[in-house]
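So you can see what is in the structure, the chains are spelled out below.
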Amino acid sequence: SALTQPASVSGSPGQSITISCTGTSSDVGSSTLLSWYQQHPGSAPKLILYEGTKRPSGLSNRFSGSKSGSTASLTISGLQAEDEAHYYCCAYADGFNFVVFGGGTKLTVL
Amino acid sequence: QIQLVQSGGEVKKPGASVKVSCETSGYTFITYTINWVRQAPGQGLEWLGWISPYTGNTNYAQTFQGRVTMTTDTSTNTAYLELRGLRSDDTAIYYCARDSIGWFDSWGQGTLVTVS
C-alpha cells in the first residue's frame, strides 16, 4: 500500500518545513533507493532527491533528506514561492521488484 | 538533452484497450529501464511496472497483472504501454520515466487516457 505522507503542510517565505514519509520495514525501512519528486500543477513530476539524501546536479541545496527507521523526511529550507507544489516520496524495494509512492503532500507557501 | 516524448491523449470506451508510446532521445536507450506511472485526476502517483529495453524483461505491479503489457522498439528508441479491459477508474495521466537504477530522473510529458 501507499507510503503515508501528510496531506498538506504550509510555511512562510524564508521558513523551513519538513515532510514525512512513513512506510514499513519492507519498503522504506529496508530500502536505500528512496527518492522525492516535486510536481507543479499541470506538469510531470521532477526528481529532487535520490538515494534518500542526494540532489540531482543543479538542484538547490535548500532541499535535503534523511531517514530514521521506516520514516523518510524531506526538508525544504528558506521557503520560496516557487516551492509551492505537491511532493511525493518513493521507495524502490524488494530488489527492484516493486515501487511504491507516498500519497503526496501539498506544500503551500503562505 | 534527454527527452521522453509521449503520444497524444486518448478517449476509450469501457472494455477497450489503449496503447501509449514514449519516444526517447538524448541517451542510449537500452541502458536504462523505463517505468510507467499513472495519476488519476486529483490523485497521487501509482506505479504500473518497468521494462528493460536491453533484456526485454518486465516487472508489473500486482494490481495490473494480466491487463498490462510493456514493450520496447530498440530501432526507434520507443517504449510502449498497453492496458486492456479499460474501466472508468483507469482514467488518468500515464507517464513514462527513465529509471536511473532506483529513481526516475527524466519523465515524459504525460498522456491523458479518458475512459468513458
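About the criteria used
Just so you know, the residues in each chain are numbered from 1, in the order the chain's sequence is written. Here the convention is simple: chains get letters from A, ligands get numbers from 1, in the order in which they are written. Predicted model: local features are reported for residues with pLDDT of at least 70 only, side-chain atom pairs are reported and counted for 80 or more only, and whole-chain, interface and lining totals are derived from all residues. Remark: hydrogens and water are excluded; side-chain values derive from all non-hydrogen atoms of the structure. Should DSSP find at least two bridges between two strands, the strands are regarded as paired. By definition, any uninterrupted DSSP run of H or I lasting at least four residues is a helix, any uninterrupted run of E lasting at least two residues is a strand, and each is numbered from the N terminus. Here, axes are lines fitted to C-alpha atoms. For helices the fit covers the stretch in contact, and angles between N-to-C directions go from 0 to 180 degrees. Ring pairs are drawn from Phe, Tyr and Trp, using the six-membered ring of Trp, whenever the two centres fall within 6.5 Å, and their geometry is named by plane angle: stacked under 30 degrees, edge-to-face over 60, tilted for the rest. Any residue under 20% of the maximum accessible area for its type is buried, any over 50% is exposed, and the rest in between are partly exposed; the area is computed with a 1.4 Å probe on protein chains only. Throughout this description, the term charge over a ring refers to an Arg CZ or Lys NZ atom that lies within 6 Å of the ring centre and within 35 degrees of the ring normal.

## Concerning the sheet that holds strand β1 (residues 3–6) of chain B
Residue and element names in this part refer to chain B.
Right, on to step 1. Pairing in this open sheet of 4 strands is antiparallel, and the strands run β1-β3-β8-β7 from one edge to the other. Unpaired on one side and paired on the other, β1 and β7 (68–73) mark the two borders of the sheet. Along the sheet, successive strands turn relative to each other by an average axial angle of 20°, direction set aside.
Right, on to step 2. Where β1 meets strand β3 (residues 18–25), 4 bridges bridge the pair, whose relative direction is antiparallel. Residue pairing across strands places Q6 opposite C22, the latter belonging to β3.

## Section: the packing of aromatic side chains
Right, on to step 1. Scanning the entire structure with this criterion turns up 9 aromatic pairs over all chains.
Right, on to step 2. On the numbers, 5.6 Å between centres and 75° between planes, the contact of Y37 of chain A with W107 of chain B is edge-to-face. Placement of Y37 of chain A in strand β3 (residues 34–39) and of W107 of chain B in strand β10 (residues 104–107) is noted, with the two residues assigned to different chains.
Right, on to step 3. Y37 of chain A gets classed as buried once you look at its relative accessible area, which sits at 0%.
Right, on to step 4. Measuring from ring centre to ring centre gives 5.4 Å for Y27 of chain B and Y32 of chain B, while their planes differ by 90°; the resulting arrangement is edge-to-face.
Right, on to step 5. With a relative accessible area of 24%, Y32 of chain B lands in the partly exposed category.
Right, on to step 6. In textbook terms, an aromatic cluster arises when at least three aromatic residues are bridged by ring pairs, as seen for Y37, Y92 and F101 of chain A together with Y95, F104 and W107 of chain B.
Right, on to step 7. Geometry around Y80 of chain B places K19 of chain B over its ring, the cationic atom sitting 5.0 Å from the centre.
Right, on to step 8. For the cation-ring pair, R98 of chain B lies above Y27 of chain B, with the distance from its terminal atom to the ring centre recorded as 4.7 Å.

## Examining unusual backbone geometry
All names here are of chain B.
Right, on to step 1. The backbone of N77 sits at a positive phi, close to 55°, despite the residue not being glycine.
Right, on to step 2. Following the sequence through the fold, N77 ends up in the loop between β7 and β8 (78–83).
Right, on to step 3. Notably, I101 is not glycine yet its phi reads approximately 60°, a positive angle.
Right, on to step 4. Here I101 shows up in the loop between β9 (92–99) and β10.
Right, on to step 5. Its relative accessible area of 61% is what places I101 among the exposed residues.

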